[in-house]
Amino acid sequence: MYRTLRNAGVASAAMLLLSSGVAQATVFFEQGFETDTAGYFDANTPAPNDWFGSVTRVASGTSGITSFAGSFHAIVEQSGNPGNETGPFTRFDGYSSVFPAGGYSTSTAIFLDTG
């Protein structure tokens, strides 16, 4: 069984907002799929590999879908045994035991293929 999500290619970004009189943003992770799919873990990622699915970079217009921004976006597919489906994911900038005082902000644009 496959469930398909199509990421419209807006940069997935985790940002730490710093307060010093003027709001500033430091980008820790950004992936707009313009050059690769780095930062996403899928079934092709080396061990430990206990998840399924794929993330594939494609040009704007593929399957009639125009990228939200830029010339590329990613097709993200979830797969696995029924009831045990998993899919690609990101750890943004890795794991941390410290949550920043200003928090994180993340955004994404998606197209859901309900067919």
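Residues numbered from 1 in each chain as written. Predicted model: local features only at pLDDT ≥ 70, side-chain atom pairs only at ≥ 80, totals over all residues. Heavy atoms only, no water.

**With respect to the overall build of the chain**
Here is step 1 of the chain: In terms of regular secondary structure, the chain is built from zero helices and nine strands.
Here is step 2 of the chain: When the elements of the chain are put in sequence order from the N terminus, they spell out β-β-β-β-β-β-β-β-β. (Helix = DSSP H or I, 4+ residues; strand = E, 2+ residues; numbered from the N terminus.)

**Some remarks on the confidence of the model for the chain**
Here is step 1 of the chain: This prediction gives the chain a mean pLDDT of 74; 73% of its residues lie at or above 70.
Here is step 2 of the chain: Looking at the elements of the chain, mean pLDDT is at its lowest for strand β2 (residues 12-20), recorded as 34, and at its highest for strand β5 (residues 54-59), recorded as 94.
Here is step 3 of the chain: Note that pLDDT drops below 50 for residues 1-22; the model gives that stretch 95 contacts with residues more than four away or on any other chain. (pLDDT = per-residue confidence, 0-100. Contact = heavy atoms within 4.5 Å.)

**Digging into a nonpolar patch on the surface**
Here is step 1 of the chain: Taken together, the side chains of F28, F99 and Y104 define a hydrophobic patch exposed on the protein surface, amounting to about 330 Å² of accessible area.
Here is step 2 of the chain: The topology assignment puts F99 in the loop between β7 (89-90) and β8 (104-105). (Patch = residues over 30% accessible without salt bridge, like charges linked within 9 Å, V, L, I, M, F, W, Y side chains within 5 Å. Areas by Shrake-Rupley, 256 points an atom, 1.4 Å probe, with all protein chains shown as cover. Salt bridge = Lys/Arg side-chain N within 4 Å of Asp/Glu carboxyl O.)

**Some words on the packing of aromatic side chains**
Here is step 1 of the chain: Scanning the entire structure with this criterion turns up two aromatic pairs.
Here is step 2 of the chain: Seen in terms of ring centroids, F33 and Y40 are 5.5 Å apart; in terms of plane orientation they differ by 40°. Their pairing is tilted. Judged on exposure class, the residue F33 and its partner Y40 are both buried.
Here is step 3 of the chain: Over the face of the ring belonging to F72 we find R57, whose NZ or CZ atom lies 3.6 Å from the ring centre.
Here is step 4 of the chain: In this structure, R91 is placed above the aromatic ring of F41, and the distance from its NZ or CZ to the ring centre is 4.5 Å. (Phe/Tyr/Trp six-rings, centres within 6.5 Å; stacked < 30°, edge-to-face > 60°. Buried < 20%, exposed > 50% of the residue type's maximum accessible area, 1.4 Å probe, protein only. Lys NZ or Arg CZ within 6 Å of the ring centre and 35° of its normal.)

**Some words on the side chain of D42**
Here is step 1 of the chain: Mapped onto the fold, D42 is located in the loop between β4 (40-41) and β5.
Here is step 2 of the chain: Buried within the structure, D42 lacks any salt-bridge partner; R91 is the closest side chain of opposite charge, at an N-O distance of 11 Å.
Here is step 3 of the chain: Here V55 takes part through its backbone nitrogen, which lies 3.2 Å from a polar atom of the side chain of D42. (Lys, Arg positive; Asp, Glu negative; His and termini not counted. Polar contact = N/O pair within 3.5 Å; in protein donor to acceptor, adjacent residues only side chain to side chain.)

**Let's talk about the environment of G39**
Here is step 1 of the chain: Summarising the element assignment, G39 is placed in the loop between β3 (22-31) and β4.
Here is step 2 of the chain: As a C-alpha pair, G39 and F89 span 50 residues in sequence and 8.4 Å in three-dimensional space.
Here is step 3 of the chain: Not counting residues up to four positions away in its chain, the partners in contact with G39 are F29, F89, T90 and R91.

**As for the environment of V27**
Here is step 1 of the chain: Take V27: it is sitting in strand β3.
Here is step 2 of the chain: Taking the C-alpha atoms as reference points, V27 and Y104, 77 residues apart in sequence, are found 9.8 Å from one another.

**Overview of the side chain of Q31**
Here is step 1 of the chain: Inspection of the secondary structure assignment puts Q31 in strand β3.
Here is step 2 of the chain: Among the residues examined, Q31 registers a relative accessible area of 5% and is labelled buried.
Here is step 3 of the chain: From its side chain, Q31 meets the backbone oxygen of A38 in a polar contact 2.8 Å long.

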